[in-house]
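The primary structure of each chain is shown beneath.
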Amino acid sequence: MSALLDVRNLTTRIPTRNGVLTIVNDVGFTLNEGECFGLVGESGSGKSMVCRSILRLPPTSAALTGGQILFDGVDLVSLPERDLNALRGRQIAMIVQDAIAALNPVLPVGRQVAEAMLEHGIATSRADARERVIALMRKVGIPSPEARVDNYPYEFSGGMCQRVVIAAALACNPRVILADEPTTALDVTIQDQILKLLVELQKDLRLAVLLVTHDMGVVAQNCQRVGVMYSGHIVELATTQDIFSQPRHPYTAGLLSCVPSIDPEDGDRRLQPIAGSPPDLADPPQGCRFHPRCPMADTQCRSGAFPLREVAPGHFSACIHHEALARAGGVLPAATSSATHAGGGPA
Amino acid sequence: MNVHTPPEAAPLIDIRDLSMSFAGRRGLLNHLTRSEPPKVIAVDAVSLQIQRGEIFSLVGESGSGKTTMGRALLRLVEPTGGEVYFRGENLLQFSRSRMMEARRDLQMIFQNPYSSLNPRMTVRQTLAEALSVHRVCPKSEIDARVMALLDLVGLGKTHADRYPRDFSGGQRQRIGIARALSVEPAFIVADEPVSAVDVSVQAQIMNLLLDLRERLDLTLFFIAHDLSVVQYLSTRVGVMYLGRLVEVAPRRELFMRPRHPYTQGLLRAAPRPDPRRRSAAVAILGEPPSPMAPPPGCHFHPRCPMATDVCRTTRPALTTIQTGHLVACHHHQAAADGWTGAGHQP
């Protein structure tokens with residue numbers, strides 16, 4: 001597999017009243033054709049900003065201050081705005097979290113899906129565009145598209161709006177889809193439908209999908225590889241199987257032990273929360289940014305840089321104690337509170 | 001509808017046919033045609049009993065009426081029908097002042113810890129206010145109480161004189177919990193208390209609630225949409241769909257042997273954090289219908305794979321099918337027989 005998108009040392013900063021915040025810090029990963037790559041992290045980890053930085057869409061005050069974003073060998077960072085515009089929506093399209101806000105409320109949805117096709121010359125005429133839009137709407141599971149094409153966004157549910165946004169993203173047959181929390185605003189049964197649709201499209205059209213999410217379940221169900229972000233850094237990157245079965249970074253291990261199971265068969269183990277809360281980007285800790293919350297941290301973790309290193313084939317970790325974690329089977333040493341618990345509650 | 005009552009104890013809260021409907025706005029068309037605006041039945045004759053010491057969870061998707069249900073039973077919105085008995089007395093008939101007194105026993109934890117705290121009050125002031133309004137203790141003891149409360153929810157002395165803006169989301173939720181606990185309530189409605197916080201903090205808050213329940217013998221009515229959170233916390237679970245309770249069972253029973261096709265679909269739709277068990281098929285097709293025009297019969301029939309003619313015309317009653325397990329489905333037996341677990345094969 002060749003890397004369609006190759007992000008190297010990406011850094012994005014935002015000036016604020018409290019000084020310049022480094023939202024994305026030296027982030028690198030590759031996205032292959034036909035692959036769904038997950039970027040997972042909590043709020044403020046910088047995952048959405050990575051996604052936006054690729055198309056140079058961060059808030060205007062933010063600046064890409066370093067790194068390369070190679071798309072098919074072309075560096076998007078140094079690309080003039082005009083040339084980048086030719087790629088936006090055409091080669092690389094985006095699906096945002098809030099579909100209702102992403103759509104123009106005073107334009108029929110069909111016009112909005114058609115817009116990029118006409119802009120990029122994919123459709124030859126309005127009539128041609130309309131035909132293509134109806135076909136796309138059918139493809140993304142919007143019932144009776146011939147009638148719905150002239151409806152306005154308010155006439156659609158949240159889930160249907162997200163389908164419209166997906167149709168708009170697919171309008172120009174892009175090669176890369178950047179999906180920023182595409183189902184976070186949706187109910188679980190609709191989330192399930194939308195994610196299954198995305199995966200099906202990704203397989204059928206050989207799309208490369210960057211799936212940004214905070215939900216480990218969404219990652220497990222949909223991604224082939226995952227990058228775990230914490231405080232602006234990717235702290236671990238591996239195949240989904242490896243991330244879940246043998247995490248090599250204490251933050252990943254901590255995240256996994258925080259997620260409650262839906263299955264009573266998994267036993268009534270007490271969850272092990274990660275102590276504290278994510279650091280303030282205006283005043284991040286020295287050394288490894290996770291060390292104040294990490295049960296494995298020692299003096300070495302309090303200073304210096306912690307770049308991602310390959311710790312096993314295809315498995316990257318930024319933790320110097322990755323071997324100890326691997327020896328412990330990916331299980332963190334117990335925090336001070338009791339490790340066992342009588343049950344999720346008496347049933 | 002007679003819901004099960006375990007013989008050993010009278011329930012702490014006994015909800016009978018609780019209903020809450022909202023009248024739609026009267027539009028021009030209604031004036032012209034002299035027609036009534038559409039009515040939304042957010043809670044449709046729900047009956048439920050809650051025993052002391054339980055963590056009863058109400059799950060459902062947005063628009064199911066679960067939040068309205070929680071608010072209506074504390075009279076934060078005035079229900080349009082039914083009764084809510086608390087220690088044998090009907091809350092809905094309480095006078096204003098009587099209700100004010102009762103609120104000391106009936107507290108709420110809100111979903112959004114940002115908007116439910118007064119930004120101009122320090123934590124100490126927020127907690128002291130609750131203590132003095134309800135005359136929980138003599139003035140001289142308020143300070144000591146505030147400190148004890150902060151300690152109870154895992155915050156320190158140093159936090160007392162700070163403002164809500166100085167805290168993270170998880171810490172604010174702890175303050176909200178401390179405020180609810182300050183008056184030593186008998187019953188707490190917690191409306192999605194962990195859905196606005198990150199997963200690492202969510203586990204902290206859930207463990208705190210479990211600890212507090214054990215230490216203080218709390219009874220919690222927990223409103224949630226996340227089934228794994230519900231599985232972790234609850235003793236008993238109710239599932240709502242479009243204003244109606246469709247299934248009630250003890251936690252383990254509900255997750256192991258769900259008998260309503262909607263509950264089964266919800267369990268299959270939840271993304272499992274396990275890449276070895278991936279699901280291929282879509283769990284439930286279609287979208288929830290508009291609450292302004294709910295389908296006749298069983299509200300779930302347009303999305304239900306098992307629906308037959310009877311489902312399209314007749315509302316299934318919530319019936320006890322075994323001790324403590326109630327379901328409102330004409331085909332619950334077939335649904336139960338067809339259930340092979342939500343676990344997905346590789």
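(A) Here's a closer look at the overall build of chain A. Scanning chain A from terminus to terminus reveals 12 helices and 12 strands. Computed over C-alpha atoms, the radius of gyration of chain A comes to 22 Å, within 12% of the 20 Å expected from 2.2 N^0.38 for 347 residues, which places it in the range of a compact globule. Taking all 347 residues of chain A together, 54% fall into the buried category. Within chain A, contacts between residues at least 6 apart in sequence are counted, and of these 64% link residues at least 24 apart. Seen as two clouds, the 30 positive and the 35 negative side-chain charges of chain A have centres 3 Å apart.

(B) Region of the structure containing the overall build of chain B. Looking only at helices and strands, chain B has 12 helices and 12 strands in total. In terms of overall size, chain B behaves like a compact globule, its C-alpha atoms giving a radius of gyration of 22 Å where 346 residues would be expected to give roughly 20 Å. Pairs at least 24 apart in sequence give 68% of the contacts found in chain B among residues at least 6 apart. A total accessible area of about 15300 Å² is found for chain B, and carbon and sulfur atoms account for 51% of it. For chain B, the distance from the average position of its 41 positive side-chain charges to the average position of its 32 negative side-chain charges is 3 Å.

(C) Fine view of the interface of chain B and chain A. Taken together, the 50 residues of chain B in the interface contact 50 residues of chain A. The largest contributions to the chain B side of the interface with chain A come from Tyr232, Arg278 and Glu287 of chain B, which together make up 14% of the buried area. Summed over the shared surface of chain B and chain A, the number is four salt bridges. Across the pair Asp263 of chain A and Arg272 of chain B runs a salt bridge whose closest N-O atoms are separated by 4.0 Å. Across the chain B-chain A interface, the total number found is 26 residue pairs in polar contact (both at pLDDT 80 or more).

(D) Molecular detail of the sheet that holds strand E7 (residues 187-191) of chain B. Residue and element names in this part refer to chain B. The strand order E6-E7-E8-E3-E9-E10-E12-E11 describes an open sheet built from eight strands, whose pairing is mixed. Edge positions in the sheet fall to strand E6 (106-109) and strand E11 (319-322), since each has one partner strand and no second. Across the sheet, the mean angle separating the axes of adjacent strands is 25° when strand polarity is ignored. Most of the contacts of helix H2 (residues 66-73) go to strand E8 (residues 220-224), to which it runs at about 155°, and overall it touches strand E3 (55-59), E6, E7, E8 and strand E9 (236-241).

(E) Just helix H5 (residues 126-139) of chain A, in detail. Residue and element names in this part refer to chain A. In this model, H5 (14 residues) spans 20 Å end to end at C-alpha, consistent with the 20 Å of a helix rising 1.5 Å per residue. For H5, the complete set of buried residues consists of Ala129, Val133, Ile134, Leu136 and Met137. For H5, the angular spread of the buried residues around the axis is 165°, confining them to a single face. Set apart from the buried face of H5 by more than 90 degrees, the exposed residues are Ala127 and Glu131. Packing partners of the buried residues in H5 comprise helix H4 (109-119), helix H6 (145-148) and helix H7 (158-170).

(F) Geometry of the environment of Gln202 of chain B. When you line up the elements, Gln202 of chain B lands in helix H7 (residues 199-216). You can call Gln202 of chain B buried: its relative accessible area is 10%. C-alpha separation for the pair Gln202 of chain B and Gln173 of chain B, spaced 29 residues apart in sequence, amounts to 9.9 Å. The residues contacting Gln202 of chain B, other than those within four sequence positions of it, are Pro260 of chain A together with Val194, Val197 and Val229 of chain B.

(G) Just the state of the cysteines, in detail. Residue and element names in this part refer to chain A. As enumerated under the stated definition, the model contains zero disulfides over all chains in all. Here Cys172 stays unpaired: no disulfide links it, and the sulfur of Cys51, its closest cysteine neighbor, is 18 Å away. By relative accessible area, Cys172 is classed as buried at 0%. Of all cysteine sulfurs, the one in Cys319 lies closest to Cys294, which takes part in no disulfide; the gap is 6.1 Å.

(H) Seen up close, the packing of aromatic side chains. For the structure shown, the criterion picks out 10 aromatic pairs over all chains. Between Phe29 of chain A and Phe37 of chain A the ring centres are 5.0 Å apart and the planes differ by 5°, which places this aromatic pair in the stacked class. Given a relative accessible area of 3%, Phe29 of chain A falls into the buried group. Centre to centre, the rings of Phe56 of chain B and Phe221 of chain B are 5.8 Å apart; their planes meet at 10°, and the pair counts as stacked. Remark: Phe221 of chain B occurs in strand E8 and Phe56 of chain B occurs in strand E3; sequence separation between them is 165 residues.

(I) Broad picture of the sheet that holds strand E4 (residues 81-86) of chain B. Residues and elements named next belong to chain B. Strand order in the open sheet made by the four strands is E2-E1-E4-E5, with antiparallel pairing throughout. The two strands at the open ends of the sheet, each matched to only one other strand, are strand E2 (39-50) and strand E5 (89-90). Of the strand pairs in this sheet, E4 and E5 are connected by two bridges, and their pairing is antiparallel. The residue bridging Tyr85 from the neighbouring strand is Asn90, located in E5.

(J) Local environment of the pairing of strand E11 (residues 309-312) of chain A. Residue and element names in this part refer to chain A. For E11 and strand E12 (residues 315-317), the ladder comprises three bridges, and the chain directions are antiparallel. Across the sheet, residue Glu310 finds its bridge partner in E12, namely Phe316. Connecting E11 to the next strand, E12, in antiparallel fashion are two residues, including Gly314 with a positive phi near 75°.

(K) Fine view of the nonpolar core. Counting 142 residues, the largest nonpolar core has Ile166 and Ile177 of chain A together with Ile177, Leu181 and Phe222 of chain B as the members making the most contacts within it. Beyond its immediate chain neighbours, meaning those up to four positions away, Leu181 of chain B contacts Leu149, Leu152, Val153, Ile188, Leu212, Leu216 and Leu218 of chain B.

(L) View of the pairing of strand E3 (residues 36-40) of chain A. Residue and element names in this part refer to chain A. Summarising burial for E3: five of the five residues are buried, a large majority. Neither face of E3 is exposed, since Cys36, Gly38 and Val40 on one face and Phe37 and Leu39 on the opposite face are all buried. In this sheet, strand E8 (residues 208-213) lies alongside E3 in parallel orientation, the contact comprising five bridges. When the sheet's bridge partners are listed, Phe37 is paired in E8 with Leu210. With four bridges connecting them, E3 and strand E9 (residues 225-230) associate as parallel partners.

(M) Quick peek at H7 of chain B. Residues and elements named next belong to chain B. In a regular helix each residue adds 1.5 Å, so 18 residues correspond to 26 Å; H7 covers 25 Å between its end C-alpha atoms and thus fits that length. Most of H7 is tucked away: 14 of the 18 residues are buried. Downstream of H7 by one or two residues, Asp217 has phi in the positive range, about 55°.

(N) Structural detail: the side chain of Glu236 of chain A. Residues and elements named next belong to chain A. With respect to the secondary-structure elements, Glu236 resides in strand E10 (residues 233-239). Despite its burial, Glu236 pairs with no opposite charge, the nearest such side chain being Arg248 at 6.4 Å. Separated by 3.0 Å, the side chain of Glu236 and the backbone nitrogen of His249 make a polar contact.

Conventions adopted
The written sequence of each chain sets the order in which its residues are numbered from 1. Starting at A for chains and at 1 for ligands, labels are handed out in the order in which the entities are written. Under the rules for a predicted model, residues below a pLDDT of 70 receive no local features and side-chain atom pairs below 80 are neither given nor counted, while totals for whole chains, interfaces and linings still include all residues. Excluding hydrogens and water, the side-chain values take into account all heavy atoms of the structure. Only DSSP runs of H or I with at least four residues qualify as helices, and only runs of E with at least two residues qualify as strands; both kinds are numbered from the N terminus onward. Both definitions apply: the radius of gyration is a C-alpha atom measure, and the globule rule equals 2.2 Å times residues to the power 0.38. Residue exposure (1.4 Å probe, protein chains only): buried if accessible area is under 20% of the type maximum, exposed if over 50%, otherwise partly exposed. The criterion used for residue contact is that any of the two residues' heavy atoms lie within 4.5 Å. Charge counting follows a simple rule: Lys and Arg are positive, Asp and Glu are negative, and His as well as the terminal groups are ignored. The location of each charge is read from NZ of Lys, CZ of Arg, CG of Asp or CD of Glu. Here the accessible surface of atoms and residues is derived via Shrake-Rupley with a 1.4 Å probe, and residues count as covered only by protein chains that are part of the display. For any pair of parts, buried area is found by adding up, for both, the accessible area (1.4 Å probe) each one loses once the two are put together. A carboxyl oxygen of Asp or Glu within 4 Å of a side-chain nitrogen of Lys or Arg is what we treat as a salt bridge. N or O atoms within 3.5 Å of each other form a polar contact, as long as, within protein, one can give a hydrogen and the other can take it, and as long as residues adjacent in sequence are counted only when both atoms are side-chain atoms. When DSSP finds two or more bridges between a pair of strands, those strands are recorded as paired. Axis definition: a line fitted to C-alpha atoms, limited for helices to the stretch in contact. Angles are taken between N-to-C directions and run from 0 to 180 degrees. Multiplying 1.5 Å by the residue count of a helix minus one yields the expected span of that helix. Our arc is simply the arc of the directions from the helix axis toward the C-beta atoms. In this description, the term disulfide denotes a pair of cysteine sulfurs within 2.5 Å. For Phe, Tyr and Trp, rings pair up if their centres lie within 6.5 Å, where Trp contributes its six-membered ring, and each pair is then called stacked (planes under 30 degrees apart), edge-to-face (over 60) or tilted (otherwise). By convention a nonpolar core is built from buried Ala, Val, Leu, Ile, Met, Phe, Trp, Tyr and Cys residues, the set being connected through side-chain atoms within 4.5 Å.

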